[in-house]
Amino acid sequence: MALLGISLLRLGDLHRAEPLLLRAHLAGMTEASVEYGNALRALGRLNEALSHFALIRSALIGELALRAQRWQGVTAFQLGHSDEGLVSVEQAWHGYLASGHERVAANVMQTLARMYQQVNQNGRATRLYQQALRQLPESPNPLPRLSALQGLLDLQILGGQLQDAEQTLDEARMLLGHTTSGRARGMLMGSEANLAWVAGQFSRYEALIRELWPLSIQVGDSQLRLWTGVRWADLQSQAGHHAAALETLAESGAEGGPADPAVYLLRGLLARRRGHLSEAADALSVAIQLYESRSQPIEVTRGRLHLAYVQYLNNQLSTAFATLAQALDGYLALSTKAGFRRELEEMPEFLTAAALEPTLAPLLPDHSQSAQAVLHLTTLGRSEVRWEGRRLEGLKARHLAVLVYLLLRPGQSRARIETDLYPDVLPERARNQVNSILQDLRTTFGPDFLILTGPYRAPTYTINEGMPVSLDLTAVLRTAPHASIENILTLYKGEFLPDLQGGSWIESRRIEARESFRSAMSFAMRAAQAKLDWERVRLLAEQWIQRDEEDRWPYEMALKAAQALQQPALIAQAEAALKTFDT
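All chains use their own residue numbering, which begins from 1 and follows the written sequence. A pLDDT threshold of at least 70 governs which residues receive local features in this predicted model, and a stricter bar of 80 or more applies before side-chain atom pairs are shown or counted, although totals over entire chains, interfaces and linings include all residues. As a convention, hydrogens and water are excluded, and side-chain values are obtained from all of the structure's heavy atoms.

Just checking my understanding: could you explain the sheet that holds strand S6 (residues 460-463) for this structure?
Consider a sheet: its strands pair through backbone hydrogen bonds, and that pairing is either parallel or antiparallel. Two strands pair if DSSP finds at least two bridges between them. Helix and strand labels come from DSSP, where a helix needs a run of H or I of at least four residues and a strand needs a run of E of at least two; each type is numbered from the N terminus. Strand order in this open sheet of three strands is S4-S6-S5, and the pairing throughout is antiparallel. Sheet topology places strand S4 (412-413) and strand S5 (450-453) at the edges, where each strand pairs with a single neighbour. Sheet topology note: the S5/S6 ladder contains four bridges and is antiparallel. Within the sheet, the bridge partner assigned to leucine 450 lies in S6 and is isoleucine 463. By the convention used here, residues are in contact when the closest approach between their heavy atoms is within 4.5 Å. Convention adopted: a line fitted to C-alpha atoms gives each axis, helices being fitted over their contacting stretch, and angles between N-to-C directions are expressed from 0 to 180 degrees. Together, S4, S5 and S6 form the strand contacts of helix H21 (residues 397-408), whose direction differs from that of S6 by roughly 90 degrees.

Is there a simple way to think about helix H17 (residues 297-313) in this case?
For the α-helix, the turn length of 3.6 residues means that residues three or four positions removed from each other point alike. Here the expected span of a helix is defined as 1.5 Å times the quantity of residues minus one. Taking 1.5 Å as the rise per residue, H17 with 17 residues should run 24 Å; its terminal C-alpha atoms sit 24 Å apart, in good agreement. The first or second residue beyond H17 is asparagine 315, which carries a positive phi of 65 degrees.

What is the right way to look at the side chain of aspartate 234 in this model?
Structurally, aspartate 234 can be placed in helix H13 (residues 222-238). Working definition: with a 1.4 Å probe on protein chains only, accessible area under 20% of the residue-type maximum means buried, over 50% means exposed, and in between means partly exposed. By relative accessible area, which is 3% here, aspartate 234 ends up buried. Sequence-distant contacts of aspartate 234, defined by excluding residues within four places in its chain, comprise Leu266, Leu269, Arg273 and Arg342.

Just to check I follow, could you spell out helix H6 (residues 82-98) for this structure?
In a regular helix each residue adds 1.5 Å, so 17 residues correspond to 24 Å; H6 covers 24 Å between its end C-alpha atoms and thus fits that length. The complete set of buried residues in H6 reads Ser82, Gly85, Leu86, Ser88, Val89, Glu90, Ala92, Trp93, Gly95 and Tyr96. Contacts made by the buried residues of H6 are with helix H5 (62-78), helix H7 (102-118) and helix H8 (122-133). Of the residues one or two after H6, glycine 100 is the one with positive phi, at around 85 degrees.

Quick question: what am I supposed to make of the sheet that holds strand S3 (residues 390-391) here?
Spatial ordering of the open sheet is given by S3-S2-S1-S7, a layout of four strands whose pairing is mixed. Only two strands of the sheet have a single partner each, and these edge strands are S3 and strand S7 (469-471). Strand direction decides the pairing type here: strand S2 (residues 384-387) and S3, joined by two bridges, are antiparallel. Bridging across to S3, arginine 386 finds its partner in arginine 391. Its contacts with the sheet put H21 on strand S1 (375-378), S2 and S7, and the angle it makes with S1 is roughly 110 degrees. Of the strands in this sheet, S1 and S7 touch helix H24 (residues 472-479), which is tilted by about 65 degrees from S7.

Explanation requested: unusual backbone geometry in the structure shown.
Working note: non-glycine residues mostly have negative phi, and peptide bonds are mostly trans. For the bond running from serine 139 to proline 140, omega is 5 degrees, close enough to zero to count as cis. Structurally, the position occupied by proline 140 is in the loop between H8 and helix H9 (143-158). Unusually for a residue other than glycine, glutamine 566 sits at a positive phi of about 55 degrees. Assignment of secondary structure puts glutamine 566 in the loop between helix H28 (553-565) and helix H29 (568-582).

What exactly am I supposed to notice about the nonpolar core here?
Note on soluble globular proteins: their nonpolar side chains tend to be buried together. Within this scheme, the nonpolar core is defined by two criteria: the residues are buried Ala, Val, Leu, Ile, Met, Phe, Trp, Tyr or Cys, and they are joined through side-chain atoms within 4.5 Å. Val385, Leu421, Phe445, Phe449 and Ile485 are the most contacted members of the largest nonpolar core, which has 61 residues in total. Of all the elements, helix H26 (residues 504-530) adds the most residues to this core, at nine residues. Apart from the residues within four sequence positions on either side, valine 385 is in contact with Leu375, His376, Leu377, Arg390, Arg391, Leu392, Leu395, Leu400, Leu403 and Phe445. Ranked by size, the runner-up nonpolar core spans 60 residues in total, among them Leu64, Leu86, Ala106 and Val108.

Looking at this structure, how should I read the packing of H26 against helix H27 (residues 534-547)?
The description of two helices packed together rests on the angle between their axes and the distance between the axes. Put simply, H26 and H27 touch, their axes get as near as 8 Å, and they point 165 degrees apart. Here H27 runs roughly antiparallel to H26, going by the angle between their axes. Helix-helix and strand crossings are classified by hand; for H26 and H27 the assignment is left-handed. Only Trp534, Arg536, Val537, Leu540, Ala541, Trp544 and Arg547 of H27 make contact with H26, whose side of the interface consists of Phe517, Arg518, Met521, Ser522, Ala524, Met525, Ala528 and Gln529. Charged means Asp, Glu, Lys or Arg here, nonpolar means Ala, Val, Leu, Ile, Met, Phe, Trp, Tyr, Cys or Pro, and polar covers whatever is left, Gly included. Counted by class, the contact of H26 with H27 contains ten nonpolar, two polar and three charged residues. Between 65 and 115 degrees an angle is taken as roughly perpendicular, under 35 as roughly parallel, over 145 as roughly antiparallel, and anywhere else as oblique. Here a crossing is called left-handed whenever its near helix is offset anticlockwise from the far helix by less than a right angle, and right-handed whenever the offset is clockwise.

Below, the structure is given as structure tokens:
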């Protein structure tokens, strides 16, 4: 009974292991007593586990005493007592080394490495993993080595060493084939999902999380269930399924012990997406405090970034910018910045507003446009097609022109497309060009992407309405009269399809977008000028010139602002720019 329970525990079958170990513990089997405490810990019943270890440790000797000390330290660490937990596991590790248990000491070493990783001591964690891997064998029990590989994989992902991470993942997959452990499979899937996210492979990430969620419930490991549940609920919320996300979040909670700060962080995100800004701010503030108490600067920075965004949405601008300044200080101090792309993509308007603040602008990282839309078309300032977050290098400006044309004028014949987009090209060449583009689109997005109606020999083309598409041009034209200038600057990066020569239809779109941009910028600059906010006038003029070099007025305003600010260097720079424009 005790041996079966321990075997099931090692394989990660926690729900079947726990009652067997309990009966063996009550029957007085000492090893089962230690492993019953470990099972309680793995199930998330942390306070029960800690009380159990305190009760049994005084009667233990030898290797079992060291084993209990190890798991008691891990339990204390999971409860938020980081220093106490690290000291306890370090002492157990030293005890194993002193008693000559080299193999077990290597196993404890990878446990200790994972703990150091969680308190952001990544250098020490990496050295411990590497040292452990030199000693942990592939057989007969591959699980300790597999766990160490998975921990090293997580660190490589965090450090942006994606090529090394792929190699480590390959080795771990080979070992996984030699065990039936559902928990080991689940933990490795979680790391693979992390790697997919950092690499921008969002469809792969979502597929892994979707598959991992039921497995994490089946395995019963509380940390795996919580880690997966938080991410699955986040994906559900991003898709607009807020009720399902809340159900997932409730189901992912640990069966005891304090709430994990990741839960508070996600509650804040869910509340913000539902428009409950006060609730979001409260949850994010708690998450930040808990992460600070656990010495986890990466998550503190993440929480502050989201809190600043909530404050911005709540029109608490000065508070939002102060919180953002704290978040950026933390961000710049991090040794690695992988994994923040999601946050930056979710708040483009806020970051653009911050770019107009003199104290924040130099601190801001680069951020790209959101990849949440299935098909994202960028036409203003550059030509780019993104499909589920991946840039499609094979689709060029000519493909974008047809895509935009069919979005704005659905139900057009091939002959009309040729006439409007290629008026100055010989008919046969225009026909071949359009045929090639339409074939490329079907090959890339599937046969159902284009809906054909009408006669077989002269059909009309429409993009499937079931395909979610984001187009920056329509966003600018739709929002320019009413949107904030930060939103306009986020969307408008330059003229429409700048690297494509076309006919009057393309030129008309360029004029529409440019005039919308100029109107919004002119209004914003005049408002800043009326308030004598010359620094904002200067920054707006700078942003205008970056996107539209053909209008003289922003050059004049940049000079006027520099003169009002009485900064000789800026005056000289503005005078030189205006002179260059006039020549």
